Number of protein chains: 2
Amino acid sequence: MARNSLGREVPETWQGKRYDPYQDPFTRMPTMDRATRPLVRRNPGESKILPSLRAAIEKSGLQDGMTIATHHHLRNGDLLLNLIVKELDAMGFRNICIASSSVHPVHAEIIPSIRKGVVTRCETGVNGLIGELATKGELDFPIVVRSHGGRARMLVTDEVPVDVAFIAAPCCDETGNLNGVSGPSACGSLGYAFTDARYARKVIAVTDNLVAYPASPVSISQSDVDYVVVIDSLGDPKKIVSTTTRVTRDPAGLLIAHYAAEVIEASGLLKDGFSFQTGAGGTSLAVADAIKRKMLEQKIRGSFGCGGITGYFVDMLEEGYFRTLFDVQCFDLRAVESIAKNLTHREISADLYANPFNRGSVVNMLDAVILGATEVDVNFNVNVNTESNGYLLHNTGGHSDTAAGAKLAVVVAPSIRGRLPIVRDEVTTITTPGETIDVVVTERGIAVSDKHEGLRKELLRRRLPLKDIRQLQAEINALTGKPRPLEFEDKVIALIEYRDGSIIDVVRQVKE
Amino acid sequence: MARNSLGREVPETWQGKRYDPYQDPFTRMPTMDRATRPLVRRNPGESKILPSLRAAIEKSGLQDGMTIATHHHLRNGDLLLNLIVKELDAMGFRNICIASSSVHPVHAEIIPSIRKGVVTRCETGVNGLIGELATKGELDFPIVVRSHGGRARMLVTDEVPVDVAFIAAPCCDETGNLNGVSGPSACGSLGYAFTDARYARKVIAVTDNLVAYPASPVSISQSDVDYVVVIDSLGDPKKIVSTTTRVTRDPAGLLIAHYAAEVIEASGLLKDGFSFQTGAGGTSLAVADAIKRKMLEQKIRGSFGCGGITGYFVDMLEEGYFRTLFDVQCFDLRAVESIAKNLTHREISADLYANPFNRGSVVNMLDAVILGATEVDVNFNVNVNTESNGYLLHNTGGHSDTAAGAKLAVVVAPSIRGRLPIVRDEVTTITTPGETIDVVVTERGIAVSDKHEGLRKELLRRRLPLKDIRQLQAEINALTGKPRPLEFEDKVIALIEYRDGSIIDVVRQVKE
């Protein structure tokens, strides 16, 4: 074990692989060439259509010990990963690694296959029960958690070679041209799957909506797809995209949003060319709403919105607040409809969005990002992976990517959640280093990183409740009491990889 | 030297590199991995803007003996290649190789730099004076001619590594997001430059139209571009795209077009889902016009048009004759305007368009293609590279790619050109093997390859002037006389590479 620059004890070797401890957000440089794969020739008249998932698995050359991937654009409505693992189980595979872009609660269905040794490693963060059981020591399933940009980096550097990528394709033609914008399992952007299609050794498009050649638009191209399989259904439409995403009505949430918008204005970034990312949560959308009103008043025309896209951002695009949306994932139906028809609503890969190891990602051009947290600490480190019970319940998403890229990274969170204070001496798990976080906003006050002296002064001038983060912590603790420290076993059940591939933290088995 | 399967004597080693003789169109398989390049990390706030072409050349790390590339979307209006070579000359570079997607007559300006040894090799076909002088032995400039798909293959296989790609960018932002659809040098699709942007070791965007971030749409992405240089002008708009492309009014051309359309109809391919490529010549457009009328009469809805796109194909898209256009190059202003706004008018790379070494290119899905020729021979081999004086004057374009991919490859040509017969015992240079050509149409008759017995019968049933190709040749020769054979020196001045990388023919110095 080594101690990284944030004081966390992290392994230098884990599950047979070497890792470097986290140092800082920006200086780790790529020393390798871009990943490659064997070239393939397809002549006219050759068919890619295979009759079943099993036939595709057979054709793919998958063997015990190899790595598969899926994308998570169907979110909790995804049926594909479960179908694949069930088929692998039936075919007698063992020791398969899952390197999907994320795993959702719906994939708890694969737990029996984990116990059986069909799938035994997870090169992706997990949402839900699998992580909980792993943290409790009830499931032996080593997990490496990565940000969206970090996962793209992993593929582009070949750190985790994916042997077979199964790409859920809501609309697909016989050659494998595919998109996510139409069909019963429409999910919009397929941004997380782009990099898999370019780097996986074999690429299998799986669709429940085979259309005449050529599918249009094309998100992933025939020139990258090996085989096409048609199945009955990729997913449950009701769980794929929400029908609507809404601004919060909670008074505390609205107050937080008001403060966050004031912070952005006070930073001086809110001017022509402003670029912005928020999540899909009600408070985030309330910030967007407040920012939009400021832009209207001040006649500000922004440049781009990015990240997971909601109908709220689509409105801002259509009403001229942004010139472009960079969309790596659609959060609601309105976003899906928009990306299908609006050229300025642009589908982008996770690589372009956030990979630190390319010639320039979109997050590098962000002015402000609104981020969530399960905990923050007095050094502005943020946890989004574990809850305060220590359970690994959430994937990183673009959290550490956008925090590193944006000029202003603002964490918004209620000061108390589940009777526990949001501000800690130390977060349970460091997802995002405090060096890349600029402001923490709660309904009880705003804490600004020391490096932003000007911003602090401007907040005071605006009579906003600026507080030292320790003072904010003390005020919250006065209400909640100081939380009891969690107890952990030595056993590391997951690595939290920073976007550059270094290890920023680990998750240990919880002492029950 | 070895004799290839078409009887041409071709070198096995030339200019220090090994080559395989051509065997057949489809069996040569890739045995290598996809090309790679070093990964680069760009952090937030780093600028890519450099003050001059010279600064960019310096930053690129270019050294004597290395290879540069440009794209030819600005066609005969391109200023960039000349500017670069002039700068290389001024900076004292020697022995640079040009691997652009094509070289046009305007680039005759670099001839003094060729004589001086600044640029000494050409890994691209050439149009115009440079080829003429090379064929006459007046310029020492070894040339390897490739098809569009073959050039993409060369990059993807790393057969010719490009050290620095200079990408003329009609619209570009500070991070290198760029497109060809707006600005004074707008040219539409940048399809030939896509593969350079992915594989060249350094990628420099050169623009005369720097726009606010983010440029939109994005053809080539910030994540692939190393540097951005702003210059006064990329090109002469009048020579970049024609303002209009028109159907021929020549009676022989119209007769040829009528025959060609009848052939396509007789082939049985003209039904729902029909896909089609023609060039921008007046006869080709007349074929498109005749096909369109047949589609209207028979209520046929096609699938896609592809290749270099004209306003004529844009009309067919907008009027519902095609669902999609795959556009690797815009031939006229109407095509430029359309690709800027219509999601179903899709910009594609030369790789996706025609590279034989990928998981499936667009040409593989073509039903019919209309092709030109400077000569055809009694074995249906086609020459588009040299004229009947033996001069290397034309690049291959997508000729051999589409011929190999399409179900029906139809050569249209006047029976007599410049008093010389179009049908020869042997073409001067084989660009495209007869095995991939199905029909030759002249105003004096239609010759169909032996393999299409059904089509021959159907043409006879329709009382079309079907002729054996030797009979057609004899009829033409009766008018023109048998042409005097050209005399050549031994010296090979250019290789004609088939799309799969094998050598289908050479161009020898002409005996004057």
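Residues numbered from 1 in each chain as written. Chains lettered and ligands numbered in written order. Predicted model: local features only at pLDDT ≥ 70, side-chain atom pairs only at ≥ 80, totals over all residues. Heavy atoms only, no water.

Engineer: I would appreciate a short explanation of the side chain of A:Lys48 in the present structure.
Structural biologist: Looking at where A:Lys48 falls in the secondary structure, it is placed in the loop between strand E4 (17-18) and strand E5 (49-50). One buried charged residue, A:Lys48, remains without a salt bridge, the closest side chain of opposite sign being A:Asp226 at 7.1 Å. One polar contact links the side chain of A:Lys48 to the main-chain carbonyl oxygen of A:Thr175, over a distance of 2.8 Å. Once residues within four sequence positions are removed from consideration, A:Lys48 is found in contact with A:Arg42, A:Glu174, A:Thr175, A:Gln222, A:Val225, A:Asp226, A:Tyr227, A:Val228, B:Arg359 and B:Gly360. (Helix = DSSP H or I, 4+ residues; strand = E, 2+ residues; numbered from the N terminus. Buried < 20%, exposed > 50% of the residue type's maximum accessible area, 1.4 Å probe, protein only. Lys, Arg positive; Asp, Glu negative; His and termini not counted. Salt bridge = Lys/Arg side-chain N within 4 Å of Asp/Glu carboxyl O. Polar contact = N/O pair within 3.5 Å; in protein donor to acceptor, adjacent residues only side chain to side chain. Contact = heavy atoms within 4.5 Å.)

Engineer: How should the interface of chain A and chain B be read in this particular structure?
Structural biologist: Interface size is commonly expressed as the accessible surface area that is lost when the partners come together. Contacts between the two partners involve 63 residues from chain A, matched on the other side by 63 residues from chain B. Summed over both partners, the interface of chain A with chain B comes to about 5500 Å²; 50% of that surface belongs to carbon and sulfur atoms. Of all residues in chain A, A:Arg34, A:Arg41 and A:Arg359 give up the largest surface area on contact with chain B, accounting jointly for 21% of the area buried on that side. At the surface where chain A touches chain B, the tally comes to two salt bridges. Between chain A and chain B we count 38 residue pairs in polar contact (both at pLDDT 80 or more) in total. Counted by class, the side of chain A that touches chain B contains 27 nonpolar, 18 polar and 18 charged residues. (Buried area = accessible area lost by both parts, 1.4 Å probe. Nonpolar A, V, L, I, M, F, W, Y, C, P; charged D, E, K, R; others polar.)

Engineer: Looking at this structure, how should I read a nonpolar patch on the surface?
Structural biologist: All names here are of chain A. Nonpolar side chains collect at one region of the surface, where Ile 49, Leu 210 and Val 230 lie side by side and expose about 210 Å² of accessible area between them. Here Leu 210 lies in the loop between strand E13 (202-207) and strand E14 (227-230). Classification of Leu 210 as partly exposed rests on a relative accessible area of 40%. (Patch = residues over 30% accessible without salt bridge, like charges linked within 9 Å, V, L, I, M, F, W, Y side chains within 5 Å. Areas by Shrake-Rupley, 256 points an atom, 1.4 Å probe, with all protein chains shown as cover.)

Engineer: Sorry if this is basic, but what is going on with the sheet that holds strand E21 (residues 382-383) of chain B here?
Structural biologist: Strands in a sheet are paired, the pairing made by backbone hydrogen bonds, and the direction either parallel or antiparallel. Residue and element names in this part refer to chain B. If you walk across this open sheet you meet the three strands as E21-E20-E25, and the pairing is mixed. What marks the edges here is a single partner per strand, and that holds for E21 and strand E25 (423-424). Here strand E20 (residues 375-377) runs beside E25; their pairing, made up of two bridges, is parallel. Paired with Asp 377 across the two strands is Arg 424, which belongs to E25. (Pairing = 2+ DSSP bridges.)

Engineer: Before we go on, may I ask you to explain the packing of aromatic side chains in this structure?
Structural biologist: Where two aromatic rings form a pair, the distance of their centres and the angle of their planes describe that pair. In total, this model carries 14 aromatic pairs over all chains according to the counting rule given. With centroids separated by 5.1 Å and ring planes inclined at 80°, the aromatic side chains of A:Tyr22 and A:Tyr498 adopt a geometry described as edge-to-face. Of the two residues, A:Tyr22 is situated in the loop between E4 and E5 and A:Tyr498 in the loop between strand E28 (488-497) and strand E29 (503-510); the sequence distance between them amounts to 476 residues. What makes A:Tyr22 buried here is its relative accessible area of 0%. By relative accessible area, which is 0% here, A:Tyr498 ends up buried. Between A:Tyr213 and B:Phe326, the ring centres sit 6.3 Å apart and the planes meet at 45°, which makes this aromatic pair tilted. Separated into two different chains, A:Tyr213 in the loop between E13 and E14 and B:Phe326 in strand E17 (residues 324-330) make up a pair that spans both. Here A:Tyr213 matches B:Phe326 in class, with each residue buried. It is A:Arg34 that lies over the ring of B:Tyr199; its NZ or CZ is 5.1 Å from the centre. Positioned above the aromatic ring of B:Tyr312 is the side chain of B:Lys292, whose terminal nitrogen or guanidinium carbon lies 5.3 Å from the ring centre. (Phe/Tyr/Trp six-rings, centres within 6.5 Å; stacked < 30°, edge-to-face > 60°. Lys NZ or Arg CZ within 6 Å of the ring centre and 35° of its normal.)

Engineer: Looking at this structure, how should I read the relation of the copies chain A and chain B?
Structural biologist: One copy of the chain maps onto the other through a rotation about an axis plus a displacement along that axis. The transform that puts chain A on chain B rotates by 180° and translates by 0.0 Å along the axis, for an RMSD of 0.0 Å. Such a combination of turn and shift is consistent with a two-fold rotation axis. Minimal C-alpha separation from the rotation axis in chain A is found for A:Thr36, amounting to 3.1 Å. Most of the interface of chain A is mirrored in chain B, where 100% of its interface residues are also at the interface. (Least-squares fit on C-alpha atoms with pLDDT ≥ 70 in both.)

Engineer: What is the right way to look at unusual backbone geometry in this model?
Structural biologist: Among all residues save glycine, negative phi is the norm, and among peptide bonds the norm is trans. Cis geometry is adopted by the peptide bond preceding A:Pro217, which originates at A:Ser216 and carries an omega value of -10°. Structurally, A:Pro217 is set in the loop between E13 and E14. Backbone torsion omega between B:Tyr213 and B:Pro214 reads -10°, so that peptide bond is classified as cis. Its location among the elements puts B:Pro214 in the loop between strand E13 (202-207) and strand E14 (227-230).

Engineer: Explain the nonpolar core to me, please; I cannot follow it from the model alone.
Structural biologist: Across soluble globular proteins, nonpolar side chains show a tendency to be buried alongside one another. Of all hydrophobic cores here, the largest spans 128 residues; its most connected members are B:Ile68, B:Phe166, B:Ile264, B:Phe276 and B:Val441. The element that contributes the greatest number of residues to this core is helix H8 (residues 251-266) of chain B, accounting for eight residues. Sequence-distant contacts of B:Ile68, that is, excluding residues within four places in its chain, are made with B:Leu62, B:Leu81, B:Ile84, B:Leu88, B:Ile96, B:Cys97, B:Ile98, B:Ala99, B:Ser100, B:Val162, B:Val164 and B:Phe166. One finds A:Ile240, A:Phe313, A:Cys330 and A:Val439 within the second-largest nonpolar core, a separate group that totals 127 residues. (Core = buried A, V, L, I, M, F, W, Y, C linked by side-chain atoms within 4.5 Å.)

Engineer: Please clarify how helix H9 (residues 282-297) of chain B should be interpreted in this entry.
Structural biologist: An α-helical segment advances 3.6 residues per turn. Residues three or four places apart therefore align on the same side. All names here are of chain B. Its 16 residues give H9 an end-to-end C-alpha distance of 23 Å, which sits within 8% of 22 Å, the value for a rise of 1.5 Å per residue. Those residues of H9 that sit buried are Ser 284, Leu 285, Ala 286, Val 287, Ala 288, Ala 290, Ile 291, Lys 292, Lys 294 and Met 295. Backbone geometry just downstream of H9 places Lys 299 in the positive-phi region, at approximately 50°. (Expected span 1.5 Å × (residues − 1).)

Engineer: I keep staring at the environment of A:Ser223 and nothing clicks. Help me out?
Structural biologist: Tracing the backbone through its elements, the reader meets A:Ser223 in the loop between E13 and E14. With a relative accessible area of 11%, A:Ser223 lands in the buried category. Along the chain, A:Ser223 and A:Ile240 lie 17 residues apart, while their C-alpha atoms are 27 Å from each other. With near-sequence residues (within four places) excluded, A:Ser223 lies in contact with B:Leu352, B:Asn358, B:Arg359 and B:Gly360. Of note is the side chain of A:Ser223, whose polar atom sits 2.8 Å from the side chain of A:Ser221.

Engineer: Before we go on, may I ask you to explain the confidence of the model for chain A in this structure?
Structural biologist: Close inspection of predicted coordinates is inappropriate in any region flagged by low pLDDT. Mean pLDDT over chain A works out to 97, with 100% of the residues at or above the 70 mark. The ipTM value of the predicted complex is 0.96, and its pTM value is 0.97. (pLDDT = per-residue confidence, 0-100.)

Engineer: Explain the pattern of salt bridges to me, please; I cannot follow it from the model alone.
Structural biologist: Opposite charge on two side chains permits them to pair, given that their charged atoms come into close proximity. Tallied over the entire structure, the rule returns 80 salt bridges over all chains. The closest approach of N and O atoms between A:Asp140 and A:Lys491, which form a salt bridge, is 3.7 Å. Taken as a pair, A:Asp140 in the loop between helix H4 (129-135) and strand E9 (143-145) and A:Lys491 in strand E28 lie far apart in primary sequence, 351 residues in all. The salt bridge partner of B:Arg461 is B:Glu458, with a shortest N-O separation of 2.8 Å. Within this pair, B:Arg461 and its partner B:Glu458 are both found in helix H14 (residues 453-461), separated by three residues, close to a single helical turn. Here B:Arg461 falls in the exposed class, since its relative accessible area comes to 59%. According to the relative accessible area criterion, B:Glu458 is buried, its value standing at 19%. Through salt bridges with shared partners, a single ionic network connects A:Lys17, A:Glu123, A:Arg146, A:Arg153, A:Glu159 and A:Glu497.

Engineer: I'm lost on the state of the cysteines in this one. Help?
Structural biologist: Every disulfide links exactly two cysteines, by a covalent bond between their sulfur atoms. Residue and element names in this part refer to chain B. Applying the stated criterion to the full structure yields zero disulfides over all chains. With no disulfide of its own, Cys 187 lies closest to Cys 330 among cysteine sulfurs, the gap being 7.5 Å. In this structure Cys 187 comes out as buried when scored by relative accessible area, which is 0%. (Disulfide = S-S within 2.5 Å.)

Engineer: Is there a simple way to think about helix H10 (residues 311-318) of chain A in this case?
Structural biologist: All names here are of chain A. With six of eight residues buried, H10 lies mostly within the body of the structure. Among all positions of H10, only Gly 311, Tyr 312, Phe 313, Val 314, Met 316 and Leu 317 are buried. Buried residues in H10 make contact with strand E15 (275-277), helix H9 (282-297), strand E16 (304-309), strand E17 (324-330), helix H11 (333-341) and strand E18 (345-347). At the exit of H10 stands Gly 320, carrying a positive phi of roughly 90°.

Engineer: When you look at the pairing of E29(A) in this model, what are you seeing that I'm missing?
Structural biologist: Within a regular beta strand, the side chains point alternately toward one face of the sheet and then the other, so they alternate between its two faces. Among the eight residues of E29(A), seven are classified as buried, and the element is accordingly described as predominantly covered. Hairpin connection, E28(A) to E29(A): the antiparallel pair is bridged by five residues, and A:Gly501 has positive phi, about 100°.

Engineer: Is there a simple way to explain the environment of A:Phe326 in this structure?
Structural biologist: For A:Phe326, a relative accessible area of 1% gives the class buried. A C-alpha to C-alpha distance of 40 Å links A:Phe326 and A:Lys491, two positions 165 residues apart in sequence. Setting aside anything within four residues of it in sequence, one finds A:Phe326 in contact with A:Phe304, A:Gly305, A:Cys306, A:Gly307, A:Ile309, A:Arg346, A:Ile348, A:Val362, B:Tyr213 and B:Pro214.

Engineer: What should I look at first to understand the pairing of strand E26 (residues 439-442) of chain A in this one?
Structural biologist: All names here are of chain A. With burial as the criterion, each face of E26 is covered, one bearing Val 439 and Val 441 and the other bearing Val 440 and Thr 442. As paired strands, E26 and strand E27 (residues 445-448) are joined by four bridges and run antiparallel to one another. In the sheet register, Val 439 faces E27, and the bridge partner there is Val 448. If you look at the hairpin formed by E26 and E27, you'll find two residues sitting between the two strands.

Engineer: Just checking my understanding: could you explain the sheet that holds strand E25 (residues 423-424) of chain A for this structure?
Structural biologist: Residues and elements named next belong to chain A. Taken in spatial order, the three strands of this open sheet run E21-E20-E25, and their pairing is mixed. Edge strands, defined here as strands with exactly one partner in the open sheet, are strand E21 (382-383) and E25. Inspection of the sheet shows strand E20 (residues 375-377) paired to E21 by two bridges, in the antiparallel sense. Counted as the bridge partner of Val 376 is Val 382 from E21.

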